[in-house]
Every structure is written in structure tokens, then in C-alpha cells.
Amino acid sequence: MSEVTPEPESSEDELKRKFREALERKKLAQTDAGAGGKGKNSSKIHGAHGPVGGKRSFRRKSGG
């Protein structure tokens, strides 16, 4: 009956396609960067808390 011809991509569709491709590249880059951190101390944060400085001392409030 009627012949269906594909419409040329509109600028909006092209923009969405470009964003999707960029997002895929970003996800692949993140998985590649995170792959090396398997094992002990694989966290990106190291030494967040320092060693304890000494024994804690508690003082009573003076009366009142």
C-alpha cells in the first residue's frame, strides 16, 4: 500500500544518540579504571583516620 520511507534523523535524535554513545564510553572507562582494585586495600580512600594519639582521659565537671 503506502511505502514507508525512513525520515532523516532530526537534530534532537542525533543529540540523544551522541549522549548515549558518550555515556557508554564513560561507563566503559570507569569499569576499566576500577578493575585494578581487586584485593587488599582496593578502596580509593587510604588513611582516612589517623592512629589514636594516646589514652583518652575523662574529667568530671566541677560541682555547681
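Residues numbered from 1 in each chain as written. Predicted model: local features only at pLDDT ≥ 70, side-chain atom pairs only at ≥ 80, totals over all residues. Heavy atoms only, no water.

The name an unreviewed UniProt entry gives the protein is DUF5302 domain-containing protein, with Streptosporangium lutulentum as the organism.

### A few points about the overall build of the protein
Per the secondary structure count, the protein includes one helix and zero strands. Burial statistics for the protein: of 64 residues in total, 0% are counted as buried. Accessible surface, the protein: about 7200 Å² in total, of which carbon and sulfur atoms supply 53%. (Helix = DSSP H or I, 4+ residues; strand = E, 2+ residues; numbered from the N terminus. Buried < 20%, exposed > 50% of the residue type's maximum accessible area, 1.4 Å probe, protein only. Areas by Shrake-Rupley, 256 points an atom, 1.4 Å probe, with all protein chains shown as cover.)

### Concerning the pattern of salt bridges
Tallied over the full model, the rule gives three salt bridges. For E12, the salt bridge is made with K16, and the minimal N-O distance between the two is 3.9 Å. Taken together, the residues span about one helical turn, with E12 and K16 both in helix α1 (residues 11–34) at a distance of four residues. Under the relative-accessibility criterion, K16 is labelled partly exposed at 44%. (Salt bridge = Lys/Arg side-chain N within 4 Å of Asp/Glu carboxyl O.)

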